[in-house]
Amino acid sequence: MLGPTAHTDTFTRDNLPPVDQWPELLLDGFEYPDYINAGVELTNAMVDKGFSDNTALIGNGRRRTYKELTDWTNRLAHALVEDYHVEPGNRVLIRSANNPAMVACWLAATKVGAVVVNTMPMLRAGELGKIVDKAEIKLALCDTRMMDELVSCAKASKFLEKVIGFDGTANHDAELDRVALNKSVKFDPVETGRDDVALLGFTSGTTGDPKATMHFHRDLLIIADGYAAEVLEVTPDDVFVGSPPLAFTFGLGGLAIFPLRFGAAATLLEEATPQKMIDIIETYRATISFTAPTAYRAMLAAMDEGADLSSLRVAVSAGETLPAPVFDDWVVKTGKPIVDGIGATELLHIFISNRLNRAEAASTGMPVRGYEARIVDDAGKEKPRGEIGLLAVRGPTGCRYLNDERQASYVVDGWNLTGDAFSQDDDGLFHFAARTDDMIVSSGYNIAGPEVEAALLSHAVVAECAVIGVPDNARGQIVEAHIVLKKNTRQDATLTKSLQEHVKAVIAPYKYPRSIKFTDSLPKTQTGKLQRFRLKSH
C-alpha cells in the first residue's frame, strides 16, 4: 500500500497504525508520482510555472513574491541541513504566530524531508512537553518573541535538544536568519515519497492526552486539488485572509497551502481580530476569507459602521456550526455566499461543504469531491434520511494516528467516525446536530474539559470540579466550571478572577472557564463517576 520513502529516520513510518486499522482511501482522481515534495510543489514548481513575480505572502507590512519565497526557503533549507543536521524523517517543531517567517520555516523543513509539527503560540511548557514526547522531537524553531515556554519545555525534556530562534518580524535578525543569510538560493530538495509523512497535526482529544494525526506529502496537495479547486475555485488573482492559526490544519490549508498551490496571495495576521481582518480586506482587496461565525458577526456589525468588504467573493466558515441568522445576514448585506463546511484534523481539512452556487442556511452541504459520507447508528448501520446519527466519512485523506490505541475507535470498517452527530435530508444535504463527546468547541477552538479540570484542581482552594460546554450566542459554546471549594474558602468575584487567571497561566489562555459556578457537591454515580450531563441539563 505504501510507496517508496526517502526518510532515513523511519520513526513516523514505523509508528503508523496497522494497515488493517486504516480508513479506506478513495484516491481516484488524486494520482501523484512516487516521489513528490509538497514544499517544492508550493514554491519551486510555482516559479517554474511562471509565477515568479506574483505575490505569494503579505505580512509585516511587505509583500514577498514566489521567487523571493523560493529563495528564502532554499537558504533556510541549507541551514537546517548543514548547520542543524536535520535528516529526512526527523521531526521539527515550529512555534510562532501567523507570519511569513513561520510559513518559510514550514516550507524549508518540508523541503529537507523533515516531518513538521506546527504548534499554537498560546501553548504552555507542559502542553508542549506532551507533544515533544509523543513525536520524539529533537529540534524546534521558534519566533524569538515567544521562546520562554519552549525553553522551559526543553529544560525538562529528554528529547528536545535544541531551540533555534527565528525572527517573526520583517527584520531577519535572529540566529536562524543570520545562519541562512549567506547560504545559496539554490538547494536540491529531498525527493520524498508521496506517502512519506510530511506533517503531524496534533489534536487534544477529550482527555487532554494529545493525538498526532499523520499526513503525507500527497495529502497536503489533495486538500488543495480537491476542496480548494472544486469549492473555492481558486485563481491566481485571489487574495486570502483569515484568523485560524497556521498550527491548525484548517489554517495551514486556508492560509498557506491553498493560495500557494494556485499562484494566489496569502495575507498573514499575527493577531487576527475581526477589525484587523477588516483592515486587511480593505487594504489588499482580499477575496477569500477563512474564519469562524463569531468573527463574521463582528464583520457584519462593522459593515453597518461603513467597513468595505465588497472585494470578498467568498466567505468560508468552519470551526463551529454556522447559525442560520449569520448566514442570512451575510447574504443579505454582501450579496455573496458564506460557505459553511466541516473538517477534522484527522482528515486534514474540510470534507463536507456548501458550494458557491448552492449554499443553504443551517446546512453543511454535500461531500467534497473524492469524499463519501453517511449517517450511521452505533453498530455502523446506515440510518434513514432525516434521522440523527454518527457521521461516517471516507475519501482521499483519512485518520492515521501516531502510535495510538484510539485509532481503532476513530476508524471502523474503513470509515472515519468524526465524533459529530449529523442528519441528512432527502436532498442529500448534511445538517450538524451536536458533538458526540465531551469536546467543547468555543470560537472555533477545541477544548478538552478534563484538561481544564486538571488545571483548576492544581489551585490550592479547589477540592473538586467538573467542566462542561454551555451554549453561547457569540462563541457557540463557552467553558463553564462547576467547583467545590475547600472548607473555609470565601466565594467572591476576586476568587473567580483568581481561578480564571490560574488556568490561563497553566494551559493555553483560550481554554479558561468564562463561567464559574460554585457548588456544595457534584452529581456522581454510585461508583463516584462524575455525571457531567446532569450539569448540562440545569
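Residues numbered from 1 in each chain as written. Predicted model: local features only at pLDDT ≥ 70, side-chain atom pairs only at ≥ 80, totals over all residues. Heavy atoms only, no water.

Trainee: So what exactly am I meant to see when it comes to unusual backbone geometry here?
Mentor: We note that D413 has phi near 55°; this positive angle belongs to a residue other than glycine. By secondary structure assignment, the location of D413 is in the loop between β18 (411-412) and β19 (415-424). The phi dihedral of S443 is positive, around 50°, even though this residue is not glycine. The residue S443 is located in the loop between β21 (439-442) and β22 (445-448) in this model. (Helix = DSSP H or I, 4+ residues; strand = E, 2+ residues; numbered from the N terminus.)

Trainee: Where do I start with the sheet that holds strand β1 (residues 55-59) in this structure?
Mentor: Picture the strands of a sheet paired through backbone hydrogen bonds; they go either parallel or antiparallel. Strand order in the open sheet made by the 9 strands is β2-β1-β10-β9-β11-β12-β13-β14-β15, with mixed pairing throughout. At either end of the open sheet lies a strand with only one pairing partner, and these are β2 (62-65) and β15 (366-367). Judged from the 4 bridges that link them, strand β11 (residues 288-291) and strand β12 (residues 314-317) form a sheet pairing that is parallel. The residue of β12 that forms the bridge with I288 is V314. Where helix α4 (residues 66-82) meets the sheet, it contacts β1 and β2, and its direction lies at approximately 80° from that of β2. Strand contacts of helix α10 (residues 249-261): β1, β9 (239-242), β10 (265-267), β11 and β14 (350-353), with the helix running at about 170° to β9, the strand carrying the most contacts. (Pairing = 2+ DSSP bridges. Contact = heavy atoms within 4.5 Å. Axes fitted to C-alpha atoms, helices over the stretch in contact; angles between N-to-C directions.)

Trainee: How should the packing of aromatic side chains be read in this particular structure?
Mentor: Each aromatic ring pair is summarised here by two numbers: the centre-to-centre distance and the angle between the ring planes. Enumeration according to the criterion identifies 12 aromatic pairs in this entry. Between W22 and F216 the ring centres are 6.2 Å apart and the planes differ by 50°, which places this aromatic pair in the tilted class. Within this pair, whereas W22 is found in the loop between α1 (11-14) and α2 (38-41), its partner F216 is found in strand β8 (residues 211-216), the two being separated by 194 residues in sequence. Between the aromatic rings of F258 and F290, the centroid separation amounts to 6.1 Å while the plane-to-plane angle is 50°, which identifies the pairing as tilted. Separated by 32 residues along the polypeptide, F258 in helix α10 and F290 in strand β11 bring together distant segments of the chain. The buried category is assigned to F258, whose relative accessible area is 0%. Linked through ring pairs, Y227, F240, F250, F258 and F290 together constitute an aromatic cluster. Here the basic side chain of R400 rests over the ring of F216, its NZ or CZ set 3.8 Å away from the ring centre. For K504, the ring lying beneath its charged end belongs to Y512, and the centroid distance is 4.4 Å. (Phe/Tyr/Trp six-rings, centres within 6.5 Å; stacked < 30°, edge-to-face > 60°. Buried < 20%, exposed > 50% of the residue type's maximum accessible area, 1.4 Å probe, protein only. Lys NZ or Arg CZ within 6 Å of the ring centre and 35° of its normal.)

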